[in-house]
Amino acid sequence: MFKKIFITISLIVNIMLMTPTFADWNVKTTNDLQEKMNEVGFNLLNSSRIEHRFIFLAINRVYTRDTWADVSSVNRTIWVKPSIIPFLSSEDELAGILSHQIAHGVDTYQGVFRGYISILNYWVAPNKYDLKADKQAVDYMVNAGYNPLAMIVILNKISKQYRYDVFSNHTLISRRMMKIYEYIYTKYPSILAENEYANNIYYQNFLLTSRSNRMLFLEKIEKNSTKDVNYKY
């Protein structure tokens, strides 16, 4: 009898430990999303001491460079489509979305005319600036106490996988996620050592689909190389 009870309790505990629990995440409406965006967004700004103004809006915008979120170079508004709500499971994942756009937004404060034409950099070299924003986003998340692995998780849930990125506005999502993983591995190894997303099904899927690319990264580490890895499709 006691053995059965012990086994049952053990199974419950194991299930609870399989994935991170986010008891305070209860975002179901646009208003809920707006409230969380304000909270998470300003936490990201303040913790990284970003001395530029931004506001955050949950709105359905027709035109966008990104599918789910963007930042206006004209009025420094960071917005997210409410249709993303079913894909979000935690503040960390929302922070992954917002921090990337904040990084782009910071660039709009640089250059002539108070950064008015800085957005041209993004149009000329979108891949370069996306990867730059991803790395900066990881730093913002860590500074604010969010787990940057959530950025991989949310990207894996919402981002399409195209065949090529030679003529695309964005780097292939498989390569972007690997670059984020590499940056976390290199700069914040303790996050991977104490990985709370280890059993998250979306993170596990990333590990599955990135196996060959992670082998390439491992070779780079073993050779103590500083060259960029040409990650595969």
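Calculation notes
Residues numbered from 1 in each chain as written. Predicted model: local features only at pLDDT ≥ 70, side-chain atom pairs only at ≥ 80, totals over all residues. Heavy atoms only, no water. Helix = DSSP H or I, 4+ residues; strand = E, 2+ residues; numbered from the N terminus. Expected span 1.5 Å × (residues − 1). Buried < 20%, exposed > 50% of the residue type's maximum accessible area, 1.4 Å probe, protein only. Arc of directions from axis to C-beta. 1 Å grid on protein atoms, 1.4 Å probe; cavity = no way out; pocket = protein on both sides within 12 Å on 5 of 7 lines; lining within 4 Å. Points joined across faces, edges and corners; volume = space filled by probe spheres on them. Core = buried A, V, L, I, M, F, W, Y, C linked by side-chain atoms within 4.5 Å. Contact = heavy atoms within 4.5 Å. Pairing = 2+ DSSP bridges. Axes fitted to C-alpha atoms, helices over the stretch in contact; angles between N-to-C directions. Polar contact = N/O pair within 3.5 Å; in protein donor to acceptor, adjacent residues only side chain to side chain. Patch = residues over 30% accessible without salt bridge, like charges linked within 9 Å, V, L, I, M, F, W, Y side chains within 5 Å. Areas by Shrake-Rupley, 256 points an atom, 1.4 Å probe, with all protein chains shown as cover. Salt bridge = Lys/Arg side-chain N within 4 Å of Asp/Glu carboxyl O. Parallel < 35°, antiparallel > 145°, perpendicular 65-115°, else oblique. Nonpolar A, V, L, I, M, F, W, Y, C, P; charged D, E, K, R; others polar.

Visitor: How would you sum up helix H2 (residues 30–47)? Please name residues and give values.
Guide: Look at H2: 25 Å from first C-alpha to last across 18 residues, which is about the 26 Å you get at 1.5 Å a residue. Along H2, the positions that sit buried rather than exposed are Leu33, Gln34, Lys36, Met37, Val40, Gly41, Leu44 and Leu45. Relative to the axis of H2, the buried residues are bounded by an arc of 170° and lie together on one face. Away from its buried face by more than 90 degrees, H2 exposes Asn31, Glu35 and Asn46. Within two residues after H2, arginine 49 carries a phi angle of roughly 55°, on the positive side.

Visitor: Help me get a handle on the layout of surface pockets, residues and values and all.
Guide: Size it by volume and the second largest pocket reaches roughly 280 Å³. Elements supplying a minimum of two residues to the lining of the second largest pocket: helix H6 (126–144) and helix H8 (173–187). Here the element with the most residues in the lining of the second largest pocket is H8; it accounts for six residues.

Visitor: Explain the nonpolar core to me, using residue names and the numbers behind them.
Guide: In this structure, Leu33, Leu44, Leu98 and Ile102 are the most contacted members of the largest nonpolar core, which totals 57 residues. The greatest single-element share of this core, amounting to eight residues, is contributed by helix H7 (residues 149–158). With residues near it in sequence (within four places) discarded, isoleucine 102 still touches Gly41, Leu44, Leu45, Ile50, Phe54, Phe56, Ile78 and Tyr140.

Visitor: Would you mind going over the sheet that holds strand S1 (residues 55–58) in detail, with residue names and values included?
Guide: Taking strand neighbours across the sheet as the criterion, the three strands line up as S1-S3-S2 in an open arrangement whose pairing is mixed. Strand pairing shows two members of the sheet lacking a second neighbour, S1 and strand S2 (69–71), which therefore form its edges. Looking at each pair of strands side by side, their axes are set apart by 15° on average, direction ignored. Inspection of the sheet shows S1 paired to strand S3 (residues 77–80) by four bridges, in the parallel sense. Within S3, the residue paired with isoleucine 55 across the bridge is threonine 77. Where H2 meets the sheet, it contacts S1 and S3, and its direction lies at approximately 155° from that of S1. Its contacts with the sheet put helix H3 (residues 91–107) on S1, S2 and S3, and the angle it makes with S2 is roughly 25°.

Visitor: So what's going on with the side chain of aspartate 92? Which residues, and what values?
Guide: Here aspartate 92 shows up in helix H3. Side-chain polar atoms of aspartate 92 contact the backbone nitrogen of asparagine 147, separated by 3.0 Å. Each residue touching aspartate 92, except ones within four places of it in the same chain, is listed here: Met141, Tyr146, Asn147, Ala150 and Tyr197.

Visitor: Can you tell me about unusual backbone geometry, naming the residues and giving the values?
Guide: Notably, arginine 76 is not glycine yet its phi reads approximately 50°, a positive angle. By secondary structure assignment, the location of arginine 76 is in the loop between S2 and S3. In this structure arginine 76 comes out as buried when scored by relative accessible area, which is 14%. The phi dihedral of asparagine 224 falls on the positive side, at around 55°, and the residue is not glycine.

Visitor: Talk me through a nonpolar patch on the surface; I want residue IDs and the actual numbers.
Guide: Residues Tyr185, Met215, Leu218 and Ile221 make up a contiguous nonpolar surface patch of about 330 Å² in total accessible area. Its place among the elements puts isoleucine 221 in helix H11 (residues 211–222).

Visitor: Hey, could you go over the packing of H3 against H7 for me, with residue numbers and the actual values?
Guide: In a packed pair of helices, the relevant descriptors are the angle between the two axes and the axis-to-axis distance. Across the interface, H3 lies against H7 with an axial gap of 8 Å and an inter-helix angle of 85°. With respect to their mutual orientation, H3 and H7 come out roughly perpendicular. Contact with H3, carried on its side by Asp92, Glu93, Gly96, Ile97 and His100, involves Ala150, Met151, Val153, Ile154, Lys157 and Ile158 of H7 and no other residues of that element. A breakdown of the residues in the contact of H3 with H7 according to their chemical character gives six nonpolar, two polar and three charged.

Visitor: Give a detailed account of the pattern of salt bridges, specifying residues and quantitative values.
Guide: Using the criterion set out here, one finds seven salt bridges in the structure. The salt bridge partner of lysine 157 is glutamate 93, with a shortest N-O separation of 2.9 Å. In this pair, lysine 157 is assigned in helix H7 and glutamate 93 in helix H3, connecting sequence segments 64 residues apart. Classification of lysine 157 as buried rests on a relative accessible area of 16%.

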